[in-house]
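Breakdown of the fold
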Amino acid sequence: MKTLKLSALPLMLASALFTTKVFASQNIFITGEIKASDSQTFFAPQSDTWRIQVEWMLPEGEVAKPGDVVVVFEGGSIASNIEQDEVNLNTALDELKRQINQGKQSILEAEFALTRADLLLEKAKIDAAVPKSHLSAFDYEENQLKLEQAVIQKHKAKASLAEKQNSAQVNISKQEIEIIKRLQKLTHKATNQGPILYGNHPWYGTKLFTGVTAQPGWKIAEIPAMTGLYLEAWVHEIDYKHLKREQTMSLTLDAYQDTPLTAKLSDISTQPEERKEWGKDAYYRAKFTFDDTQQLKILPGMTGRVVVQGGSNE
């Protein structure tokens, strides 16, 4: 009996050690990316071909200022339609020139008609000023009638000139607005100041680039504000139960390995999402805010990780 007890002792010790390892406390590492709470985002616009090509983008990381051109799109990616918007724009410019020339011509004609009406009025005044005693009753009355007609004609010519001038200006303004709309559709400008960051391909996760063909609604680039930065991370469903809001932890940015920061879990989603590029597991979106007491140069797009203390290695 004693022999049996002694032989069973190593098995019991091994079992105890294994059980302790299973439920031992350990740290959980969660990686994420620095985001900005406020940013200007540039999306691919609508296109007749449901696809549109990015013709040019400001180099990534370069600081854009309000009014700077950031993204320029072409009219489409199919060969037969690549230059369609450019053709439409040229057509609109030609139409603007036509409207300007037509307006000038109409105004010149109206001005000539007014000048002619002025001359006819002066002539009518001269004829009407001839005393009645020197003319027959018929000629005198005819001169008076011509004078009245000349006055009316002058008023009409003057009104016509004003109308032509106004119409020409309206047509030109409409065409200028049309051109601006076309330019705005193809050219996107910055409204705030900050470094430009390229978006990621929604299917492959790779960075977008100049020349890429995108679909309407794709996030092409963004200019983040340099305030209100936070770390966005996706927490696996297994680790989700170890996190609580307002929980503090250590944050280490990959760019500043030797300078850890204190982070706080400010928000975490209640509904999991499937991240297709990571498989079929469920993940929760988490937002970690932090205090930059070291005054580090932290930029959106940087990566880092938080360390959650006391998770169980089950």
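Quantities reported herein were computed from a predicted structural model and do not represent experimental measurements.

Next up on the list: the pairing of strand β15 (residues 282-291). In this structure, strand β11 (residues 229-236) lies alongside β15, joined through 6 bridges in antiparallel fashion. Bridge assignment links V235 to a residue of β15, and that residue is Y284. Sheet analysis places strand β14 (residues 273-274) next to β15, joined by 2 bridges and oriented antiparallel. Along β15, the bridge assignment pairs E273 with Y283.

Right, let's get into the sheet that holds strand β10 (residues 219-224). Spatial ordering of the open sheet is given by β2-β10-β8, a layout of 3 strands whose pairing is antiparallel. Two strands in the sheet have a free side with no partner beyond their single neighbour: β2 (39-43) and β8 (197-198).

What follows is about the side chain of E222. Examined against the element boundaries, E222 turns out to sit in strand β10. We classify E222 as buried; its relative accessible area is 14%. Here S39 takes part through its side chain, which lies 3.2 Å from a polar atom of the side chain of E222. Among the polar contacts made by the side chain of E222, one reaches the side chain of K219 at a distance of 3.2 Å. Contact partners of E222, with chain neighbours within four places excluded, come to S39, Q40, T41, F42, P195, I196 and L197.

Core analysis: the biggest nonpolar cluster contains 25 residues, and I30, I34, L251, F288, F290, I298 and V306 have the highest contact counts within it. Elements supplying a minimum of two residues to this core: β1 (25-36), β11, β12 (248-253), β13 (256-268), β15 and β16 (303-312). Setting aside chain neighbours within four positions, we find I30 in contact with A233, V235, L243, G304, R305, V306 and V308. Within the second largest apolar cluster, 20 residues are counted, among which are F42, A44, V71 and I223.

Our focus in this paragraph is the pairing of strand β3 (residues 52-57). Sheet topology note: the β3/strand β9 (residues 213-214) ladder contains 2 bridges and is antiparallel. Each bridged residue has a counterpart across the sheet, and for I52 the counterpart in β9 is A214. Of the pairings in the sheet, the one linking β3 to strand β5 (residues 69-73) comprises 3 bridges and is antiparallel in character. Bridging from a neighbouring strand, V54 pairs with F73 of β5.

Applying the stated rule across the entire model yields 4 aromatic pairs. An angle of 90° between the planes, with centres 6.2 Å apart, marks the rings of W203 and Y204 as edge-to-face. Residue W203 shares its accessibility class with Y204, and that shared class is exposed. With a centroid separation of 5.0 Å and an interplanar angle of 70°, the aromatic rings of W278 and Y283 are classed as edge-to-face. Look at W278 and you get partly exposed, because its relative accessible area is 42%. A connected cluster of aromatic rings, assembled from ring pairs, spans W203, Y204 and W218. Taking NZ or CZ as reference, R275 lies 4.0 Å from the ring centre of W234, over its face.

Cut-off values and rules
- Residues numbered from 1 in each chain as written.
- Predicted model: local features only at pLDDT ≥ 70, side-chain atom pairs only at ≥ 80, totals over all residues.
- Heavy atoms only, no water.
- Pairing = 2+ DSSP bridges.
- Helix = DSSP H or I, 4+ residues; strand = E, 2+ residues; numbered from the N terminus.
- Buried < 20%, exposed > 50% of the residue type's maximum accessible area, 1.4 Å probe, protein only.
- Polar contact = N/O pair within 3.5 Å; in protein donor to acceptor, adjacent residues only side chain to side chain.
- Contact = heavy atoms within 4.5 Å.
- Core = buried A, V, L, I, M, F, W, Y, C linked by side-chain atoms within 4.5 Å.
- Phe/Tyr/Trp six-rings, centres within 6.5 Å; stacked < 30°, edge-to-face > 60°.
- Lys NZ or Arg CZ within 6 Å of the ring centre and 35° of its normal.

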